[in-house]
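# Chains, contacts and geometry: an overview
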Amino acid sequence: MGKPIVITLDGTSASGKSTNAKRVAKALGYSYVDTGAMYRSLAWYCLNKEVDIDDEKAIASMCRSWKTELKNEEGHIRLYIDGYFPSKEIRTAKTSAVTPLVAAVPSVRKWMKAKQRECIEFGNLVMEGRDIGSNVFPDSDFKFYLDASLDERLKRRVADGVNENLAARDKQDSQRSTAPLVIPLGAIVINNSDMTAEETSALIIKEVRTKLGEA
Ligand code: DC
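Let us look at the structure shown here. It should be emphasised that the depicted structure is a prediction, and the values quoted were computed from it without experimental measurement. (Residues numbered from 1 in each chain as written. Predicted model: local features only at pLDDT ≥ 70, side-chain atom pairs only at ≥ 80, totals over all residues. Heavy atoms only, no water.)

Here the focus is the nonpolar core. In terms of nonpolar packing, the biggest core is built from 37 residues, with Leu 42, Ile 59, Trp 66, Val 108, Met 112, Cys 119 and Met 127 touching the most fellow members. Broken down by secondary-structure element, the contributors of at least two residues to this core are helix 2 (35–48), helix 3 (56–65), strand 4 (76–81), helix 4 (93–103), helix 5 (106–118), strand 5 (125–129) and helix 6 (132–136). Of the residues forming this core, the biggest block, eight residues, is contributed by helix 2. In contact with Met 112, not counting residues within four places along its chain, are Met 38, Tyr 39, Leu 42 and Trp 66. In this structure, Phe 142, Ile 190, Ile 205 and Val 208 belong to the second largest nonpolar core, which totals 17 residues. (Core = buried A, V, L, I, M, F, W, Y, C linked by side-chain atoms within 4.5 Å. Buried < 20%, exposed > 50% of the residue type's maximum accessible area, 1.4 Å probe, protein only. Helix = DSSP H or I, 4+ residues; strand = E, 2+ residues; numbered from the N terminus. Contact = heavy atoms within 4.5 Å.)

Okay, structure coming up:
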């Protein structure tokens, strides 16, 4: 068997990364990895331990010491913490607000990169995030970058019942010094403002199949 294939899906917030990554993974029979959930989990863990979220050293220390394990549950690879996956807790407004701060700590990004690379032990992957094609798997031949207009992305968040300052979050993600959100070299850019999830995922699947010589 050759090296596992990693399809990288990066992009701005609410650009449809999760929806499309799940659809593509299901269609191709690959496992899905939500790397944002890993950063969110560390943020939740730090809040729980009452760590000062402005204290980079304390956050780095939490990341060194937390007990984690990757598990593949029906094609979704999840990071368990002390045997628990905080699926609801990582989506609260409070956790969402502090996650970009945690995600900006260089040693946290180093730890996450190593953990995310470990996921290939589960085989072929669709991995979504902000630095997957640029930093985690820069050698992937299957890189995609999703975007949509700010108006359209705000509409999608509101439809999900989430009220969030997307422009501020994009700024935080794009301007941090370590592994900022960028269009990875060689990535296919898809602006899906006027596209449905069906159309976006179909386009990604078609590109992947063509590259694999399966089209
Ligand atoms: O995709 P998301 O909204 O769950 O991401 C949560 C936060 O984590 C967001 O501020 C971006 C950050 N993140 C990151 O810096 N790198 C990743 N690979 C994934 C997410």
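The discussion continues.
Bringing the side chain of Asp 173 into the picture now. Within the secondary structure layout, Asp 173 lies in helix 8 (residues 166–175). A relative accessible area of 5% places Asp 173 in the buried class. Among the polar contacts made by the side chain of Asp 173, one reaches the side chain of Arg 130 at a distance of 3.4 Å. Apart from residues lying up to four places away in sequence, Asp 173 is in contact with Ser 13, Pro 100, Arg 130, Pro 180 and Leu 181. (Polar contact = N/O pair within 3.5 Å; in protein donor to acceptor, adjacent residues only side chain to side chain.)

What follows concerns the site of the ligand. Around the ligand sit 16 residues, and of these Arg 40, Arg 109, Arg 130, Arg 169 and Arg 176 come closest. In this structure, Asp 131 approaches the ligand through a side-chain N or O atom, which is 3.0 Å from a nitrogen atom. Asp 173 has a polar side-chain atom sitting 3.0 Å from an oxygen atom of the ligand. Alone, the ligand offers 440 Å² of accessible surface; in the complex the protein occludes 96% of this. Breaking the shell around the ligand down by element, the ones donating at least two residues are helix 2, helix 4 and helix 8. Of all the elements, helix 2 adds the most residues to the shell around the ligand, at four residues. In terms of residue class, the shell around the ligand is made up of four nonpolar, four polar and eight charged. (Near = heavy atom within 4 Å. Areas by Shrake-Rupley, 256 points an atom, 1.4 Å probe, with all protein chains shown as cover. Nonpolar A, V, L, I, M, F, W, Y, C, P; charged D, E, K, R; others polar.)

On the basis of which strands lie adjacent, the open sheet formed by seven strands has the order 3-4-2-5-1-6-7 and mixed pairing. Either end of the sheet is taken by a strand with one partner, and the two such strands are strand 3 (68–73) and strand 7 (188–191). Pairwise comparison of adjacent strand axes, ignoring direction, gives a mean angle of 25 degrees for this sheet. In the sheet, strand 6 (residues 142–147) pairs with strand 7 via four bridges, with the strands oriented parallel. In the strand pairing of strand 7, Tyr 145 is matched with Val 189. (Pairing = 2+ DSSP bridges. Axes fitted to C-alpha atoms, helices over the stretch in contact; angles between N-to-C directions.)

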